[in-house]
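Next come the chains, spelled out residue by residue.
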Amino acid sequence: MDKNKINSYISDYLLNSALSIFRYEGLPDNVKAVDLEKNLLRFGKILFTKWHDEFYIFSYSDTGKQNYLGEYTHYQVNNPYIQCNEVFSDDNAVRIFNTDTHEPLINLMGMYSELLTENYISLNVKIINSRIPFLISARDSSTRQSAEIFLRQIYDGKQGIIAEQPIFDSLNVNPLSDKANDLTQLIELNKFFYSDYFQKIGLTNLYNNIHDRISATETEFTATSIYPYVDNMKRNRDMAVEKINSMFGLSVSVEFSSSWDYRINDGKNLTEKDFKGNSGENSNEDAK
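Residues numbered from 1 in each chain as written. Predicted model: local features only at pLDDT ≥ 70, side-chain atom pairs only at ≥ 80, totals over all residues. Heavy atoms only, no water.

One pass over the structure, following the stated rule, counts seven salt bridges. Salt-bridge contacts for E37 lead to R237; the nearest nitrogen and oxygen are separated by 2.8 Å. In this pair, E37 is assigned in helix α2 (residues 33-43) and R237 in helix α8 (residues 227-248), connecting sequence segments 200 residues apart. Across the pair, R237 and E37 agree in class, each one buried. The partner of E255 in a salt bridge is K234, with the nearest N and O atoms 4.0 Å apart. Here K234 lies in helix α8 and E255 lies in strand β10 (residues 253-256), a separation of 21 residues in the sequence. Accessibility expressed as a relative area gives 12% for K234, which makes it buried. Because the salt bridges share partners, they merge into one network encompassing K234, D238 and E255. (Salt bridge = Lys/Arg side-chain N within 4 Å of Asp/Glu carboxyl O. Helix = DSSP H or I, 4+ residues; strand = E, 2+ residues; numbered from the N terminus. Buried < 20%, exposed > 50% of the residue type's maximum accessible area, 1.4 Å probe, protein only.)

Now the structure itself:
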């Protein structure tokens with residue numbers, strides 16, 4: 001398995017999933033929602049402005065003097081494709097941030113794609129080794145070559161054959177202990193990585209390693225605890241959209257889409273009564 005290809009595939013999968021978090025209405029024809037989100041998730045910040053009577057989103061670098069908070073107030077854009085080499089400011093452009101800290105989501109994706117890649121490789125090795133429940137030692141180079149051919153056949157999913165008796169007699173086979181539980185642990189770990197990532201980006205994916213039922217209160221608490229990060233992302237987009245509409249006379253709106261639009265308790269904050277109401281529904285007690 002090619003490690004780079006696996007990592008690239010997983011990264012694309014995680015990015016494509018995150019591109020479904022928000023839906024936009026009222027964007028100018030020249031600005032596509034998928035391009036806006038893709039650049040926000042990759043760079044953490046983009047610039048929305050009008051240049052030569054067309055609306056654009058640009059990547060940019062901070063420049064000029066800083067204000068009393070240490071923030072830059074001018075933004076350098078270099079876009080060779082449309083020959084835009086311009087310095088914008090808050091007077092004619094709006095910065096859109098992914099989060100309060102301008103963190104690109106791709107950083108988080110990179111961490112999980114790396115973990116998942118390593119786990120998939122371990123899974124692949126474990127699955128192949130399950131077809132070879134022994135170690136092989138060879139006494140000479142000829143025997144070793146034959147053993148390598150045998151193992152390659154097993155790796156390719158074929159029936160491994162060593163035809164010559166002298167070579168067969170030169171091989172020593174050492175049985176391995178049965179570690180089927182290792183495979184189960186790797187599968188569980190894979191589920192956990194995916195579940196943990198999706199919960200971080202606001203999807204309720206209750207992963208329960210001990211396979212116990214959980215109470216309604218625990219379900220609500222777990223579900224609502226996953227919202228702060230995506231709510232931070234939403235707030236930054238709301239603030240940017242408000243500035244864009246005010247500056248350019250547009251009617252852009254942004255909302256959660258797809259599965260992210262769901263909220264426990266119809267989006268209302270949970271109260272103490274909500275938690276007390278189900279306090280007796282403890283699955284561990286029920287299971288006893």
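That shown, we press on.
All right, on to the sheet that holds strand β6 (residues 84-89) then. As a general point, the strands of a sheet are linked pairwise by backbone hydrogen bonds and lie either parallel or antiparallel. A sheet is described by the order of its strands in space; here three strands give the open sequence β4-β5-β6, paired in antiparallel fashion. Every interior strand has two partners, whereas the edge strands, β4 (61-66) and β6, have only one. For this sheet, the mean inter-axis angle between neighbouring strands, taken without regard to orientation, is 25°. Bridge analysis of β4 against strand β5 (residues 72-79) gives four bridges, and the strand direction is antiparallel. Across the sheet, the residue bridging to Q66 is Y72, located in β5. (Pairing = 2+ DSSP bridges. Axes fitted to C-alpha atoms, helices over the stretch in contact; angles between N-to-C directions.)

Another point: the packing of helix α1 (residues 3-18) against helix α3 (residues 105-129). Direction vectors running N to C along α1 and α3 enclose 135°, while the axes themselves pass 8 Å from each other. Between α1 and α3, the interaxial angle falls into the category oblique. Crossing hand, α1 versus α3: right-handed. In this structure, α1 uses K3, I6, N7, I10, S11, L14, L15 and A18 to contact α3, whose residues at the interface are L105, M109, Y112, S113, E114, L116, T117, E118, Y120 and I121. When its residues are assigned to classes, the contact of α1 with α3 shows 11 nonpolar, four polar and three charged. (Parallel < 35°, antiparallel > 145°, perpendicular 65-115°, else oblique. Left-handed = near helix turned anticlockwise from the far one by under 90°. Contact = heavy atoms within 4.5 Å. Nonpolar A, V, L, I, M, F, W, Y, C, P; charged D, E, K, R; others polar.)

Although it is not a glycine, D53 adopts a positive phi angle of roughly 65°. In this fold, D53 is placed in the loop between β2 (45-51) and β3 (54-58). The backbone phi angle of H102 is positive, close to 60°, even though this residue is not glycine. Inspection of the secondary structure puts H102 in the loop between β7 (93-97) and α3. Taking the relative accessible area as the measure of exposure, H102 reaches 32% and is therefore partly exposed.

No statement about biological role is implied by the geometric values presented.
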